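Given next are the chains, with one letter for each unit.
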Amino acid sequence: MDIARVARSKAEAKASYDKMARYYNYFGGQFERRFRQAGLKLLDPRPGEDVLEVGYGTGEALAEIASAASPGHVCGIDISDGMREEAEKCLEAKGVTRAVSLATGDAASLPYRADSFDAIFMSFTLELFDTPEIPQVLAECARVLKPSGRIVVVAMALPDHPKTMSRLYVWSHKHFPNYVDCRPIPAAEMIAEAGFNLEGEERLSMWGLPVDVVLAKRT
Ligand SMILES: C[S@@+](CC[C@H](N)C(=O)[O-])C[C@H]1O[C@@H](n2cnc3c(N)ncnc32)[C@H](O)[C@@H]1O
């Protein structure tokens, strides 16, 4: 099955996440939690590490990363101002605000210097980018990672032989892109093509939809 394209503009994506930010944890966010946790376990942030989260959403993972990586510095970038407000509340509630720097912007062009981070975390975000842009996002991740730095990506998976649920999901994405904004991607393959060394991969399932958790290292 080919990778479905993304028709929605960045402005439309931003507007949509701004609108749903306050309610996100009650809907998509809570179903994604289990998969995010599997990703964080694989990322295993250690004290003193500098870590970036791309597409931090309501900030739940960011707060956990900040606690684990203290006294290292944690950065997060997300396109949505609404999500930033929610993440700020979450970081404050967890008492980790000072350890985290938030940026609002497009992950296709990261506002960080080369070789800045020990680790990058990205959950349910890479599959929102249009197909030609995914290598660009991964190249940006490689640029800002330190040599041998690691990345963990949690993403809806595109198996070699997609079953009914995966086909239905792609159909919904094509016909209702405002409601089903992501679509499955072969994350591990794309990460390897971007020049990373694959170090670990776990396939999980969300209502019959495969989800991949991929750990890779910058060469
Ligand atoms: C499906 S949510 C996932 C949020 C969080 N990572 C989680 O697992 O709950 C995708 C997030 O990516 C952000 N996002 C979408 N397009 C983006 C882009 N071009 N650059 C940075 N963030 C983006 C959205 O605002 C949203 O917070």
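Higher on the page you've got the structure.
Below is a short write-up of the structure. Everything numeric here is computed off the predicted structure, so don't read it as measured data. (Residues numbered from 1 in each chain as written. Predicted model: local features only at pLDDT ≥ 70, side-chain atom pairs only at ≥ 80, totals over all residues.)

Thoughts on the overall build of the chain
Alright, step 1. Secondary structure summary: the chain contains 7 helices and 7 strands in total.
Alright, step 2. Starting at the N terminus and ending at the C terminus, the chain contains elements arranged as α-α-β-α-β-α-β-β-α-β-α-α-β-β.
Alright, step 3. Taking 219 residues into account, the globule formula puts the C-alpha radius of gyration at 17 Å, and the chain, at 16 Å, falls close to it.
Alright, step 4. Reported as C-alpha extents along the three principal axes, the dimensions of the chain are approximately 45 × 40 × 30 Å.
Alright, step 5. For the chain, with 219 residues in total, the buried portion stands at 43%. (Helix = DSSP H or I, 4+ residues; strand = E, 2+ residues; numbered from the N terminus. Rg over C-alpha atoms; globule rule 2.2 N^0.38 Å. Buried ≥ 20, exposed ≤ 12 C-beta atoms within 10 Å, placed from the backbone.)

Comments concerning the site of the ligand
Alright, step 1. Neighbouring residues of the ligand: 21 residues in total, closest Tyr17, Gly55, Gly57, Ser80 and Ser123.
Alright, step 2. Of all the elements in the fold, those that place two or more residues in the shell around the ligand are helix 1 (10–20), helix 2 (28–43) and strand 2 (74–78).
Alright, step 3. Looking at the shell around the ligand residue by residue, the class counts come to 9 nonpolar, 7 polar and 5 charged. (Near = placed C-beta within 6 Å. Nonpolar A, V, L, I, M, F, W, Y, C, P; charged D, E, K, R; others polar.)

Points about unusual backbone geometry
Alright, step 1. Cis geometry is adopted by the peptide bond preceding proline 71, which originates at serine 70 and carries an omega value of 10°.
Alright, step 2. In this fold, proline 71 is placed in the loop between helix 3 (60–69) and strand 2.
Alright, step 3. Of note in this structure, aspartate 44 is not a glycine but carries a positive phi near 50°.
Alright, step 4. Among the structural elements, aspartate 44 can be located in the loop between helix 2 and strand 1 (51–54).

As for the pairing of strand 7 (residues 209–217)
Alright, step 1. Where strand 5 (residues 145–156) lies against strand 7, 7 bridges are found, and the strand directions are antiparallel. Residue pairing in the sheet places valine 153 in a bridge with valine 214 of strand 7.
Alright, step 2. Where strand 6 (residues 197–206) and strand 7 come together, 9 bridges link them in antiparallel fashion. Directly across from asparagine 197, in strand 7, lies its bridge partner lysine 217. (Pairing = 2+ DSSP bridges.)

So, the sheet that holds strand 6
Alright, step 1. Pairing is mixed in the open sheet, where 7 strands are placed in the order 3-2-1-4-5-7-6. Two strands lie at the open edges of the sheet, namely strand 3 (100–104) and strand 6, each paired on one side alone. Adjacent strand axes in the sheet meet at a mean angle of 15° when their direction is disregarded.
Alright, step 2. Along the sheet face, helix 4 (residues 81–93) touches strand 2 and strand 3 and points at about 170° away from the line of strand 3.
Alright, step 3. Along the sheet, helix 5 (residues 134–144) contacts strand 1, strand 4 (117–123) and strand 5; its crossing angle with strand 5, the most-contacted strand, is approximately 145°. (Axes fitted to C-alpha atoms, helices over the stretch in contact; angles between N-to-C directions. Contact = placed C-beta atoms within 7 Å.)

Description of the packing of helix 3 against helix 4
Alright, step 1. Close contact between helix 3 and helix 4 brings their axes to 9 Å; oriented N to C, the two are set at 40°. Here helix 3 runs over helix 4; the crossing is right-handed. Within the contact between the two elements, helix 3 uses Glu60, Leu62 and Ala63 and helix 4 uses Ala87, Cys90 and Leu91.
Alright, step 2. The residue makeup of the contact of helix 3 with helix 4, split by class, is 5 nonpolar, no polar and 1 charged. (Left-handed = near helix turned anticlockwise from the far one by under 90°.)

Some details on the nonpolar core
Alright, step 1. Core analysis: the largest hydrophobic core is formed by 64 residues, its most contacted members being Leu62, Ile120, Val153 and Ala187.
Alright, step 2. Among the elements that line this core, the one with the most residues is strand 5, at 7 residues.
Alright, step 3. Setting aside anything within four residues of it in sequence, one finds alanine 187 in contact with Leu126, Val153, Ala155, Ala157, Asp212 and Val214. (Core = buried A, V, L, I, M, F, W, Y, C linked by C-beta atoms within 7 Å.)

Some remarks on the environment of phenylalanine 129
Alright, step 1. Its place among the elements puts phenylalanine 129 in the loop between strand 4 and helix 5.
Alright, step 2. Taking C-alpha positions, phenylalanine 129 is 9.7 Å from alanine 7, a pair spaced 122 residues apart along the chain.
Alright, step 3. Ignoring anything within four residues of it in the chain, the contact list for phenylalanine 129 reads Val6, Ala108, Ile134 and Val137.

Read these as spatial facts, not as claims about activity.
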